[in-house]
Amino acid sequence: MPSKETRVELLQGTLDLIVLRALSTMGPQHAYGLAARLEQVADHPLNLNQGTLYPALVRLEQKGWIKGAWQTTENHREAKYYTITRAGTRALESQTERWRRLAGLVDKLLLHES
Amino acid sequence: MPLRLAISTWRQFWRRLAAFFRDEHAEKELAREMRAHLALLEDDFRRRGLSADDARLAARRAFGGVEQAKERQRDARSFVWLADARRDMRHAARLLRRDPLFTATAVLSLAIGIGANTTIVTVGNALLFRAPAAVADPGALVDIGTLTPGGGFGNSSYPNYLDVRRRVTTLDGVYASGLFPRAMSLSGAGDSKATERVFATPVTGNYFAVLGTTAAAGRLFDADAVDRPGIDPVIVLSHRFWTRRFNRDPSLIGRAILLNRESFTVIGVAAEGFQGPGVRAGDLWVPMPVSSAASSLANRTAALFLVGGRLKRDVSIQQAAAELDAIGKALALEYPAENRGKSFLVERLSPVPGARLPITIFLVLLLTIVTLVLGIACANVAGVLLARAAARRMEIAVRLAMGAGRARLIRQLLAETLMLFVLGGLAGVAMARVLTSVLVALLPSLPFPVNVSLAIDGRALVVTAGMVLVAALLSGLVPALQASKADVVSALKDDAQAPARLRLRHAFVIAQVAVSILLVVVAGLFVRALQAAGSTNPGFDPRGVELASLDLSLAGYTSTTGPAFARDLADRVRALPAVQSASIALVLPAGFETQRRSVRVPGVEPPNGDRTFGVDWNVVEPRYFATMRIPIVSGRDFAAVDREGTQAVAIVGEGTARQFWPGEDAVGKFVVQTTVGPGRQITDRPLQVVGVARDVKASTLIDGLSQSIVYVPLQQQYMATLTIVARTTRGQRAADEIRSLVAAMNPDLPIVASQTLEEATALGLVPQRVVMSVAGGLGAVGTLLAAIGIYGVTAYAVARRRREIGIRMALGARPADVVRMILQRGIRLTVIGCAIGLLLAAGASQVLVVFLFGVAPLDPVVFGAAATFFAVIGLAACYLPARKATTFDPLAALRCE
């Protein structure tokens, strides 16, 4: 078990962005695939139970940014695959832009203060 | 960007809404997805070499709490407030189920209040707003009435109608129809051989065209051809009649049927649902010249027709009214004898032309009453909710302390109220269906068919729903606000008082008592008015008199054959064993109908420049006065000598005698009956007065005695529409005997209506009767609710002061002292409520004085009785809990803390 300090708490709303980004680069994914991907990318283990993905998925789906459909995996398991939509791609662009500006601002502030 | 953002927010809104309503589906989908997810995880762990069991556990651990994840997903998925609302509703339902007595009482009282309101709204909707069925663009239709001096919207004569039709430019057609559907006998049509009474409405040829209705089969009247005299007798059937009597037989079109033994060709059937512009519902339509006597069509003073028209495009009703007024003034100048002082009125089409104002006033009166009852019911529910809120003070305070939002709490408390009201509303609508049929049953049977659709339609339901919401908010919000204010510290200290809440509850009880006593007083006043109407001597004895109405023309009798038949009929009725005395009359006193005629009196000048006197008129057979027990004060009754060919005679009322020949004996004097013939020639017929009869109440029992009445003998002035009056021995019914007698004398002669004279005289008192029933019935309900309110408040006070009472009794207070102490508060509420209610009633009675005919608006009997009644009710309602207080065991009361 990783100690508490090394876990990264996800900022509110960032999970949505991460999921969008993952779907955009990797193509259609099911929730488990997404979770595996996140664990793989993160240097630190994320403070993320895999179930935590679901609210983000339903939010994105309701916004019309991703779309889910039932398919079969290569191991003949059924799974719901999510695909990013056109609106999702557009949203990803603007959200990424927003995030960069915000992150830059926070970085700058932190540098100044320290 | 803002637009796109708005769109996506909007889209999200709809998806969430959809998600809320597709909850089941979303739940299943979610469960399936998570199951699949876990399966994939498990597969992975197994590939890494874990055993099946370990893999499952590891998968669970990696996934985290399944239920938590579901809950989070749900939160993200649906509106929090909508889900909350659903939870609130479930919670409320649970609370209501836990207290079935309270729920039942509240729902029932609300149902009565709401049901009564829906009923009145439905009636008002039907009589004032609903557009006639199967009529094109009803918004452009108008009623045209004759405005007579001193009268409102009246009917019109045919010659005046024709002049309006010729001259008018603002209307796209003007039609006329007979005032009432006429009874005719249909013989041997279709498969049936029996004679049947049907109702025919005489109409002008353009009637269907102006109203813009279509034919369901065949064709309708041709606008021009039909109005000429001497056209072939043709008829159009109503769809209902066609269905009922002929089973929608299409081969009927073009065939002839026998009406009053004459052959009429059926040319078509009107559109389904069409019954003309009003509430009168005839079976068929006949052309005016075919069905109406030439004399009544030529008589400019015979106001026997309803006239209506259609506004031309872009013409306002004011413009039409101005033009019609101008036409009316012109006609008054051209025909001063008949039209002096008359003009025309134009009103929007109404199911009850000309009666909109009185009906509105009447309905507003009823609506006020039922709204008051709904108010009482609301106050009652609010009162109980307050008490319950008090009982839940602890729970609420604890929840507030634990951080529950106040808005959230208010919503939850409101949900309970709303659920009560929705249940009450549903029950109310069901009750309204019953009440409308009761109301219809209260109405008298009219001599012609009327069809008012009292279906509870969308409009009534919308009004009801609005009413339910407003009432729920009003009676739920105050208790909810009060309850949510519960401050933690004082609530947790058990004995804290909540004076504001108590004051509010007292106010509710006072209001209930006040409104209930108001209703009881109003009902009482109408009871007194009806009593007064019944107890004053109407001038005749209505008890034990059987009536049967006939139209001799239905069986083909004419003015030559009719009188002999009528005489024979009267003789045979007299010979029936149950009949003491019998006669025949044209109209009955104190009934629905009056007949007016014009007379001149030699040597007596009518006031204000008129040429003639208007008098009430009746045509009777001998022994009429004896049968009705109207004393003849001087002279003689009609007799066998008064027949065609002898001196025309008359009997006058005492008032008439005084008016025309004050201080002299009227017997032997002459009145001159003046009639305007078809060619406008005036016929004078001198009638010699042979007797003077005591005056009777001519139109309704509540009106004064007839000012001037003239009777003439049937044998000299034959009329075809007659009523048999038969006084039976010891009040027996003889309707069946009379019916079989008439059938034996002439099988083609139907009895148009059969009732007792008492029933007939009740007709004029219908508005009073309806108000009395409504106010009385609802007043009783209100009183009961108020009593429950007083009881509730007192019982609550007793429960709250249990310990105090225990201590007092332990210290030696006698039960009587305790009872007195408890009674005091309840009585004070009752007295204040009574005082306010009586003041309100005094005010209301001043408004109602027009309906009360002779009863003093501040009738001491009614007010006194109501006050006493409420004092007793109040005492009883307080006494029960007070009695209970004396049974408290002081020790137990003290220990229970």
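Above this note sits the structure.
Reference entry: report on the structure contained in this document.

Calculation criteria
Residues numbered from 1 in each chain as written. Chains lettered and ligands numbered in written order. Predicted model: local features only at pLDDT ≥ 70, side-chain atom pairs only at ≥ 80, totals over all residues. Heavy atoms only, no water. Helix = DSSP H or I, 4+ residues; strand = E, 2+ residues; numbered from the N terminus. Buried < 20%, exposed > 50% of the residue type's maximum accessible area, 1.4 Å probe, protein only. Areas by Shrake-Rupley, 256 points an atom, 1.4 Å probe, with all protein chains shown as cover. 1 Å grid on protein atoms, 1.4 Å probe; cavity = no way out; pocket = protein on both sides within 12 Å on 5 of 7 lines; lining within 4 Å. Points joined across faces, edges and corners; volume = space filled by probe spheres on them. Pairing = 2+ DSSP bridges. Contact = heavy atoms within 4.5 Å. Axes fitted to C-alpha atoms, helices over the stretch in contact; angles between N-to-C directions. Phe/Tyr/Trp six-rings, centres within 6.5 Å; stacked < 30°, edge-to-face > 60°. Buried area = accessible area lost by both parts, 1.4 Å probe. Salt bridge = Lys/Arg side-chain N within 4 Å of Asp/Glu carboxyl O. Polar contact = N/O pair within 3.5 Å; in protein donor to acceptor, adjacent residues only side chain to side chain. Nonpolar A, V, L, I, M, F, W, Y, C, P; charged D, E, K, R; others polar. Parallel < 35°, antiparallel > 145°, perpendicular 65-115°, else oblique. Left-handed = near helix turned anticlockwise from the far one by under 90°. Patch = residues over 30% accessible without salt bridge, like charges linked within 9 Å, V, L, I, M, F, W, Y side chains within 5 Å. Core = buried A, V, L, I, M, F, W, Y, C linked by side-chain atoms within 4.5 Å.

### Points about the overall build of chain A
- On a plain count of helices and strands, chain A comes out with four helices and three strands.
- Expressed as a percentage of the 114 residues in chain A, the buried residues total 39%.
- When the accessible surface of chain A is totalled, it reaches about 7200 Å², and 52% of it is carbon and sulfur.

### Details of empty space enclosed by the protein
Residues and elements named next belong to chain B.
- As enumerated under the stated definition, the model contains six cavities of 30 Å³ or more in all.
- Of the pockets and cavities examined, the largest cavity occupies roughly 200 Å³.
- Around the largest cavity sit 23 residues that line it, and Ser 177, Pro 277, Gly 278, Arg 280 and Leu 306 are the ones nearest its centre.
- Of all the secondary structure elements, the ones that give two or more residues to the lining of the largest cavity are strand E3 (171–178) and strand E11 (305–311).

### Comments concerning the sheet that holds strand E1 (residues 29–30) of chain A
Residues and elements named next belong to chain A.
- Here we have three strands laid out as an open sheet, ordered E1-E3-E2, and antiparallel in their pairing. A strand with exactly one partner marks an edge of an open sheet, and here the two such strands are E1 and strand E2 (66–72).
- As paired strands, E2 and strand E3 (residues 78–84) are joined by seven bridges and run antiparallel to one another. Within E3, the position partnered with Ala 69 by the bridge is Tyr 81.
- With respect to the sheet, helix H1 (residues 14–26) is in contact with E1, E2 and E3, its orientation differing from that of E3 by roughly 95 degrees.

### Describing the packing of aromatic side chains
Residue and element names in this part refer to chain B.
- Enumeration over the complete set of coordinates arrives at 19 aromatic pairs over all chains.
- Between the aromatic rings of Phe 208 and Phe 274, the centroid separation amounts to 5.7 Å while the plane-to-plane angle is 45 degrees, which identifies the pairing as tilted. With a gap of 66 residues between them, Phe 208 in helix H8 (residues 207–211) and Phe 274 in the loop between strand E9 (262–270) and strand E10 (284–287) connect regions that are remote in the sequence. Residue Phe 208 shares its accessibility class with Phe 274, and that shared class is buried.
- Their ring planes at 85 degrees and their centres at 5.6 Å tell us that Phe 241 and Phe 246 sit as a pair that is edge-to-face.

### As for the side chain of His506(B)
- Residue placement: His506(B) occurs in helix H19 (residues 499–535).
- Here His506(B) is in contact with Val793(B), Arg825(B) and Leu829(B), once residues within four sequence places are set aside.

### Considering the interface of chain A and chain B
- Counting from both sides, the interface comprises 26 residues of chain A and, opposite them, 29 residues of chain B.
- Summed over both sides, the interface between chain A and chain B buries roughly 2500 Å², with carbon and sulfur atoms accounting for 53% of that surface.
- Broken down residue by residue, the surface that chain A buries against chain B is led by Tyr32(A), Tyr54(A) and Gln62(A), which jointly contribute 31%.
- Counting every contact that joins chain A to chain B gives three salt bridges.
- Measuring nitrogen to oxygen at the nearest pair gives 3.0 Å for the salt bridge that ties Lys80(A) to Glu29(B).
- Our enumeration of links across chain A and chain B arrives at seven residue pairs in polar contact (both at pLDDT 80 or more).
- Among the elements that take part in the side of chain A that touches chain B, helix H3 (residues 53–63) of chain A stands out by supplying eight residues, more than any other.
- The residue inventory of the side of chain A that touches chain B, partitioned by class, reads nine nonpolar, ten polar and seven charged.

### A short note on the pairing of E10(B)
Residues and elements named next belong to chain B.
- Burial of E10 is two-sided: the residues Leu 284 and Val 286 facing one way and the residues Trp 285 and Pro 287 facing the other way are all buried.
- Note that strand E7 (residues 234–237) and E10 share two bridges and pair antiparallel. Across the sheet, Val 236 pairs through a bridge with Trp 285, a residue of E10.

### Some remarks on unusual backbone geometry
- Here Asp137(B), not a glycine, exhibits a phi torsion of approximately 40 degrees, which is positive.
- Take Asp137(B): it is sitting in the loop between helix H6 (100–129) and strand E1 (141–147).

### Topic: the packing of helix H2 (residues 31–41) of chain A against H3(A)
Residue and element names in this part refer to chain A.
- The contact between H2 and H3 brings their axes to 11 Å, and the two run at 120 degrees. Taken as axis vectors, H2 and H3 run oblique relative to one another. The interaxial crossing formed by H2 with H3 has right-handed handedness. Residues Ala 31, Leu 34, Ala 35 and Leu 38 of H2 form the contact with H3, whose participating residues are Leu 53, Tyr 54 and Leu 57.
- Looking at side-chain class alone, the contact of H2 with H3 contains seven nonpolar, no polar and no charged residues.

### Notes on a nonpolar patch on the surface
- On the surface, a nonpolar cluster with roughly 540 Å² of combined accessible area is contributed by Trp99(A), Leu102(A), Leu105(A), Val106(A), Leu109(A) and Leu110(A).
- In this fold, Trp99(A) is placed in helix H4 (residues 86–113).

### Observations concerning the environment of Leu92(A)
All names here are of chain A.
- One can find Leu 92 in helix H4.
- Judged by its relative accessible area of 6%, Leu 92 falls in the buried class.
- With 75 residues separating them in the primary sequence, Leu 92 and Leu 17 have C-alpha atoms 6.8 Å apart.
- Excluding anything up to four places from it in sequence, Leu 92 contacts Leu 17, Leu 20, Arg 21, Ser 24 and Ile 84.

### Points about the nonpolar core
Residues and elements named next belong to chain B.
- Residues Phe 421 and Ile 805 are the most contacted members of the largest nonpolar core, which totals 86 residues.
- A per-element tally of this core places helix H14 (residues 356–391) first, with 14 residues.
- Once you skip the residues sitting within four places of it in the chain, Ile 805 turns out to touch Val 798, Val 818, Met 821, Ile 822, Ala 885 and Phe 888.
- With 48 residues, the next largest nonpolar core counts Ala 582, Val 671, Val 692 and Ala 734 among its residues.

### Let's talk about the pattern of salt bridges
- All chains considered together, the criterion is met by 27 salt bridges over all chains.
- Measuring nitrogen to oxygen at the nearest pair gives 2.9 Å for the salt bridge that ties Glu78(A) to Arg32(B). One end of the pair, Glu78(A), is in strand E3; the other, Arg32(B), is in helix H2 (residues 23–47), on a second chain.
- On the accessibility criterion, Glu78(A) (36% relative accessible area) is partly exposed.
- We note a salt bridge from Arg47(B) to Asp44(B), for which the minimum N-O separation is 2.5 Å. Of this pair, Arg47(B) and Asp44(B) both sit in helix H2, three residues apart, roughly one helical turn.
- Judged by its relative accessible area of 18%, Asp44(B) is buried.

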